[in-house]
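What follows is the residue order along each chain.
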Amino acid sequence: MATRHWRGAGRLAAAGAAAAMALLLVACTGGTPPPETPSPPSPTESAPPDLPGVGAPLPDLAAPLSLAELGGFTGVARLEMGSNCTGTVVDTGVDDGPAYILTNGHCTGDVGRPPQSVTIGEDWFGQGFLLDTHDNPSPYAVNAEVLEYSTMRGRDVSIVRLKESLGELKALGIRPIPIVDEEPAEDTSVRNIAAPVQDVDFEKWVLRGGDCTLTHQTDLIEFTWLWRGAWANDCPGVRQGSSGSPLLTVGADGGPEAIAAVINTTTWSAAAANGGHCFLNRPCELGDDGPTMVEETSYAVSVAGIGRCFDDEGIFALGGACPLETASVWANSGGGIFRGGDLPDANNATAMANLALNPAVGDSAPVRTALVELTGSGVCADPATYDGAEAVTVPATEYDWDEGRVVPVTLPEVEGHYALCAVANDDYAGAATVLFEVDRTPPLFQPGASVEDLGDGNVTVFPFLNPPELSTVRFTWVPGDAECPAPETFQDFFIVPLTLMADQLPATYCIYGLDQAGNATDVVRIPLDG
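Note that the structure is a prediction, hence the values are computed from the model and not measured. (Residues numbered from 1 in each chain as written. Predicted model: local features only at pLDDT ≥ 70, side-chain atom pairs only at ≥ 80, totals over all residues. Heavy atoms only, no water.)

Within the structure shown, the criterion is met by 6 disulfides. Across the disulfide, cysteine 85 is cross-linked to cysteine 107 (sulfur-sulfur distance 2.2 Å). On the sign convention where negative is left-handed, the bridge of cysteine 85 and cysteine 107, at about -90° about the S-S bond, is left-handed. Residue cysteine 85 is found in strand β4 (residues 84-89), and its partner cysteine 107 is found in the loop between β5 (98-103) and β6 (118-123); the two are separated by 22 residues along the sequence. Under the relative-accessibility criterion, cysteine 85 is labelled buried at 2%. Here cysteine 212 is linked by a disulfide to cysteine 235, with a sulfur-sulfur distance of 2.1 Å. With the S-S dihedral at roughly 65°, the linkage between cysteine 212 and cysteine 235 falls on the right-handed side. Of this pair, cysteine 212 sits in strand β11 (residues 208-222) while cysteine 235 sits in the loop between β12 (225-233) and β13 (246-250), and the two are 23 residues apart along the sequence. (Disulfide = S-S within 2.5 Å. Helix = DSSP H or I, 4+ residues; strand = E, 2+ residues; numbered from the N terminus. Buried < 20%, exposed > 50% of the residue type's maximum accessible area, 1.4 Å probe, protein only.)

A few words on the pattern of salt bridges. Throughout the structure, instances matching the rule amount to 12 salt bridges. Salt-bridge contacts for arginine 161 lead to glutamate 148; the nearest nitrogen and oxygen are separated by 2.9 Å. With arginine 161 in strand β9 (residues 157-165) and glutamate 148 in strand β8 (residues 140-151), this residue pair connects regions lying 13 residues apart in the sequence. Looking at arginine 161, the relative accessible area reads 24%, which means it is partly exposed. The residue arginine 228 makes a salt bridge to glutamate 325 at a minimum N-O spacing of 3.1 Å. With a gap of 97 residues between them, arginine 228 in strand β12 and glutamate 325 in the loop between β17 (298-302) and β18 (329-334) connect regions that are remote in the sequence. You can call arginine 228 partly exposed: its relative accessible area is 32%. (Salt bridge = Lys/Arg side-chain N within 4 Å of Asp/Glu carboxyl O.)

On to unusual backbone geometry, then. Proline 468 follows proline 467 through a cis peptide bond whose omega is 0°. When you line up the elements, proline 468 lands in the loop between β27 (458-463) and β28 (472-479). Geometrically, the link from leucine 505 to proline 506 is a cis peptide bond, its omega value of 0° lying close to zero. Looking at where proline 506 falls in the secondary structure, it is placed in the loop between β30 (498-500) and β31 (507-514). Of note, aspartate 456 is a non-glycine position whose phi angle comes to about 60°, a positive value. Within the fold, aspartate 456 resides in the loop between β26 (449-455) and β27.

Spatial strand order, β19-β25-β24-β21-β22: 5 strands in an open sheet with mixed pairing. Looking along the sheet, the strands with just one partner apiece sit at the ends: β19 (336-338) and β22 (391-395). Taken pair by pair, the neighbouring strands of this sheet meet at an average axis angle of 35°, ignoring direction. Strand direction decides the pairing type here: strand β24 (residues 416-424) and strand β25 (residues 432-438), joined by 7 bridges, are antiparallel. Bridging across to β25, cysteine 421 finds its partner in threonine 433. (Pairing = 2+ DSSP bridges. Axes fitted to C-alpha atoms, helices over the stretch in contact; angles between N-to-C directions.)

As a further point, take the environment of valine 434. With respect to the element layout, valine 434 can be found in strand β25. Counting along the chain gives 209 residues from valine 434 to tryptophan 225, while the straight-line C-alpha distance between them is 8.4 Å. Once residues within four sequence positions are removed from consideration, valine 434 is found in contact with Ala331, Gly334, Gly335, Ala353, Tyr418, Ala419 and Leu420. (Contact = heavy atoms within 4.5 Å.)

Attention now goes to the environment of isoleucine 495. Looking at the element boundaries, isoleucine 495 is found in the loop between β29 (491-492) and β30. With 33 residues separating them in the primary sequence, isoleucine 495 and phenylalanine 462 have C-alpha atoms 9.1 Å apart.

Let us now look at the packing of aromatic side chains. Counted according to the given criterion, the structure contains 13 aromatic pairs. When the centroid spacing of 5.2 Å and the interplanar angle of 85° are considered together, the rings of phenylalanine 223 and phenylalanine 279 count as edge-to-face. Taken together, the residues phenylalanine 223 in the loop between β11 and β12 and phenylalanine 279 in the loop between β14 (256-266) and β15 (284-287) connect sequence positions 56 residues apart. Residue classification places phenylalanine 223 among the partly exposed residues on the basis of a relative accessible area of 36%. Phenylalanine 279 gets classed as buried once you look at its relative accessible area, which sits at 13%. Summarising the aromatic geometry, the rings of tyrosine 399 and tryptophan 401 are spaced 4.8 Å apart at their centres and angled 5° between planes, so their arrangement reads as stacked. Judged by relative accessible area, tyrosine 399 falls into the partly exposed class, the value being 38%. Site record: aromatic cluster; members linked through ring pairs are Tyr100, Tyr149, Phe310 and Phe316. (Phe/Tyr/Trp six-rings, centres within 6.5 Å; stacked < 30°, edge-to-face > 60°.)

Within β25, 7 of the 7 residues are buried, which leaves it mostly tucked inside the rest of the structure. Along β25, one buried face is formed by Ala432, Val434, Phe436 and Val438 and the opposite face, lined by Thr433, Leu435 and Glu437, is buried too. Both β19 and β25 contribute to a ladder of 3 bridges, which runs parallel. Looking at the pairing, phenylalanine 338 lines up with valine 438 of β25.

Once that is clear, we can look at the pairing of β5. Taking burial as the measure, the 6 residues of β5 include 6 buried ones, the bulk of the element. By the alternation rule, side chains of β5 split into Pro98, Tyr100 and Leu102 and Ala99, Ile101 and Thr103, which are all buried. For β4 and β5, the ladder comprises 2 bridges, and the chain directions are antiparallel. Bridge assignment links threonine 88 to a residue of β5, and that residue is leucine 102.

Here it is as structure tokens:
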């Protein structure tokens, strides 16, 4: 058993460390601009602007469940298995077999892995907390043992084997839940049980329940990931921590029948007017007219048929009728947002894909590549995509950061979303889809900064960042109200803000911003009076 209060200090410390790391990563940008980086227009006078791109509000939380209200949904757990998420104990039908949790791949480390890779049979860590309701001070802890399967390739799913057996959990009153064998129909009513944590006090990190509808299936783009057949839905209160939570069909007794889909992303808290469509936490539906961000919509990955991945002894196994795929090739790094051609992005990186072979395939293999417009999730699985493509030899790599075969990519100079498709041998089902976007539009927002008085007339200046519209800034300063110099002489912002002493004031802070693709804003002047 575990008590909620004891777990808090470690978890909050870890969250603080993660937030600090996120800030460091956002602020670390590339060096001086190369010659082909466009120069911003001449400087213009400007007062310090407000912080740009304020997001939309978070959705209202669903109601917390009491232990009595949890009823037949005791198989849903709040997870700490790499991230704060939610998962479900799967009913394999074999009490003597291991117990398994179904959740998202990004809940078990896939955010830090290559987007097209698949992790199989890796020792794992962390706990899940069953019966984690607001009126139960001691939820029951279960322990991760093996990460049987995890990926964000095509669908964002993970299967974690627990140290406990299914029979042990059932003896404690836990009700495991089966997975649907076929896709549900559109407009199916479901119930979502989740443990959201974003902007929620620690003591309220508990299971919550809400009724909702599976509206339609769609392919999704988010950041470096492409998911097929995700279910758009209107489930209430989807926030960070809801990831991995089940959308459950409900029987006549009010209890769960089956896991129909698993929540993995949402556009809540993102506003279309703030740009950055299809970036992190701003997923886009991929339709006939291209990608579209739909506000106030959540999405759940398809899990239909995954129940067939457990054999007669209740053991997870790929192959046969199991619909989960493996990858034969992926990109250890690459993809991203650029201005087209061979122009670099805001970090001075150029478009490429660092291809690596799955070591299970061999030490190396011939791989064909083709750059195509991204029209759907199946474009790289189509043999016709590779007509006329020549093969290059791609090696297997031991680690994700190793260099495999770096393939330079020359992008079209037309805005849109593209895919570098890569297929090893003729394994089209295991092909990689490396996502690129061409963005030639200047940032929506002008840069700005906050000026902090340090006392004794000294000041420090913190520029605002708002990826991807303002991914980095370049700056300098001049005494008094002198003219800003040529933008090519500005320096990159590297975490540490500019500090000016009283004897250096008054002065003018000169700044321009770059979006993720490398498009520049105007130069903005911010007076520093001391």
